[in-house]
Amino acid sequence: EDQVTQSPEALRLQEGESSSLNCSYTVSGLRGLFWYRQDPGKGPEFLFTLYSAGEEKEKERLKATLTKKESFLHITAPKPEDSATYLCAVQAYDSGYALNFGKGTSLLVTP
Amino acid sequence: SQTIHQWPATLVQPVGSPLSLECTVEGTSNPNLYWYRQAAGRGLQLLFYSVGIGQISSEVPQNLSASRPQDRQFILSSKKLLLSDSGFYLCAWSPTGSGANVLTFGAGSRLTVL
């Protein structure tokens, strides 16, 4: 059974204080690993898809990396507007196209 | 461009009452459609997904059902709500294809069962 574990559950950063969020996964055959951002009371918003170990993708202050067992979302010099819950999900070859999500990391960036 | 609409945004229902949440997608054809539930302190749980009209797969045994009467319409229903049905319900769509397909989510429906 596919498993996705995110850590930490919550993270508080000062503005400009860089850090990383972790997503550990177990899947029989990885079709893709996804990162989403979710603001309170809203639907998740797509950030990145990673397909194979060693792949990296960047968007503004965010950078996602992938190994065979985990993915990291690096946040460089965060701003208060980066505060949100970040969700990691895996899509496996043997489970159709649905995504299996972790519980998320709640990020708060203070001025 | 593609858009996804989900309604109602907020719903407060008594235990034992029926439920109907609706989702429609515009700007694409034959999408894969999904219903997820997000309960407090838990991750997104896949409830149903559909790869075509009348084709529904259920992931979790529960008090809910789903239907897809038209290509771009997905409905989540219950005949009698339970307290445990409270949560944030999210509809999503993805294109058909063989690669890793991004799911695009609607704005969600907040259901409170009292």
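Relevant structure appears above.
Read on for a plain summary of the structure. This structure is a prediction, so every number in the text was calculated from the model and none was measured. (Residues numbered from 1 in each chain as written. Chains lettered and ligands numbered in written order. Predicted model: local features only at pLDDT ≥ 70, side-chain atom pairs only at ≥ 80, totals over all residues. Heavy atoms only, no water.)

**A look at the overall build of chain B**
So, step 1. When its secondary structure is counted, chain B shows 0 helices and 11 strands.
So, step 2. In chain B, the succession of α and β elements from N to C terminus is β-β-β-β-β-β-β-β-β-β-β.
So, step 3. Computed over the C-alpha atoms, the radius of gyration of chain B is 14 Å, within 12% of the 13 Å expected from 2.2 N^0.38 for a compact globule of 114 residues.
So, step 4. On the principal axes, the C-alpha backbone points of chain B span a range of 40 × 30 × 25 Å. (Helix = DSSP H or I, 4+ residues; strand = E, 2+ residues; numbered from the N terminus. Rg over C-alpha atoms; globule rule 2.2 N^0.38 Å.)

**Remarks on the packing of aromatic side chains**
The description of an aromatic ring pair rests on the distance of the ring centres and on the angle between the ring planes.
So, step 1. Overall, the coordinates contain 9 aromatic pairs over all chains when judged by the stated rule.
So, step 2. Counting every residue linked through ring pairs, the aromatic cluster contains Phe34, Tyr36, Phe46 and Phe101 of chain A together with Tyr36 and Phe105 of chain B. (Phe/Tyr/Trp six-rings, centres within 6.5 Å; stacked < 30°, edge-to-face > 60°.)

**A closer look at the interface of chain A and chain B**
So, step 1. With 20 residues of chain A at the contact, the number on the chain B side is 21 residues.
So, step 2. In total, about 1,500 Å² of surface goes out of reach between chain A and chain B, with carbon and sulfur atoms giving 59% of it.
So, step 3. The tally of links from chain A across to chain B stands at 0 salt bridges.
So, step 4. Applying the counting criterion to the chain A and chain B interface returns 4 residue pairs in polar contact (both at pLDDT 80 or more).
So, step 5. Broken down by secondary-structure element, the contributors of at least two residues to the side of chain A that touches chain B are strand S4 (30-38), strand S5 (45-50) and strand S9 (84-92) of chain A.
So, step 6. In terms of residue count, the dominant contributor to the side of chain A that touches chain B is S4 of chain A (5 residues).
So, step 7. Tallied by class, the residues present in the side of chain A that touches chain B amount to 10 nonpolar, 7 polar and 3 charged. (Contact = heavy atoms within 4.5 Å. Buried area = accessible area lost by both parts, 1.4 Å probe. Salt bridge = Lys/Arg side-chain N within 4 Å of Asp/Glu carboxyl O. Polar contact = N/O pair within 3.5 Å; in protein donor to acceptor, adjacent residues only side chain to side chain. Nonpolar A, V, L, I, M, F, W, Y, C, P; charged D, E, K, R; others polar.)

**Quick look at the sheet that holds strand S3 (residues 19-26) of chain B**
Residue and element names in this part refer to chain B.
So, step 1. In space, the 4 strands of this open sheet follow the order S1-S3-S8-S7, with antiparallel pairing throughout. The strands lining the two open edges of the sheet, one partner per strand, are strand S1 (3-7) and strand S7 (65-70). Ignoring which end each strand starts from, the neighbouring axes of this sheet average 20 degrees apart.
So, step 2. Bridging between S1 and S3 involves 5 bridges; their strand directions are antiparallel. Bridging from a neighbouring strand, Ile4 pairs with Val25 of S3. (Pairing = 2+ DSSP bridges. Axes fitted to C-alpha atoms, helices over the stretch in contact; angles between N-to-C directions.)

**Structural notes on the pattern of salt bridges**
Residue and element names in this part refer to chain A.
So, step 1. Evaluated as defined, the whole model comprises 6 salt bridges over all chains.
So, step 2. For Glu55, the salt bridge is made with Lys57, and the minimal N-O distance between the two is 3.8 Å.
So, step 3. Residue Arg61 pairs with Asp82 through a salt bridge whose shortest N-O separation is 2.8 Å. Pair noted here: Arg61 is in the loop between strand S6 (56-59) and strand S7 (62-66) and Asp82 is in the loop between strand S8 (70-75) and S9, with a separation of 21 residues, a long-range link.

**Re unusual backbone geometry**
So, step 1. Cis geometry marks the peptide bond from Ser7 of chain A to Pro8 of chain A; its omega dihedral reads -10 degrees.
So, step 2. Within the element layout of this structure, Pro8 of chain A appears in the loop between strand S1 (3-7) and strand S2 (10-14).
So, step 3. Put simply, Trp7 of chain B and Pro8 of chain B share a cis peptide bond, and its omega is 0 degrees.
So, step 4. Considering the arrangement of structural elements, one finds Pro8 of chain B in the loop between S1 and strand S2 (10-13).
So, step 5. Non-glycine residue Glu60 of chain A carries a positive phi angle of around 55 degrees.
So, step 6. Structurally, the position occupied by Glu60 of chain A is in the loop between S6 and S7.
So, step 7. Unusually for a residue other than glycine, Asn30 of chain B sits at a positive phi of about 50 degrees.
So, step 8. One can find Asn30 of chain B in the loop between S3 and strand S4 (32-38).

**Topic: the pairing of strand S11 (residues 109-113) of chain B**
Residues and elements named next belong to chain B.
So, step 1. Judged by which residues are buried, S11 turns out to be one-sided: Ser109, Leu111 and Val113 face inward and are buried, whereas Arg110 and Thr112, on the alternate face, are not.
So, step 2. Relative to S11, S2 runs parallel, the two being bridged by 4 bridges. Bridging from a neighbouring strand, Gln13 pairs with Val113 of S11.
So, step 3. Across 3 bridges, the pairing between strand S9 (residues 87-94) and S11 is antiparallel. Looking at S11, one finds that Phe88 is bridged to Arg110. (Buried < 20%, exposed > 50% of the residue type's maximum accessible area, 1.4 Å probe, protein only.)

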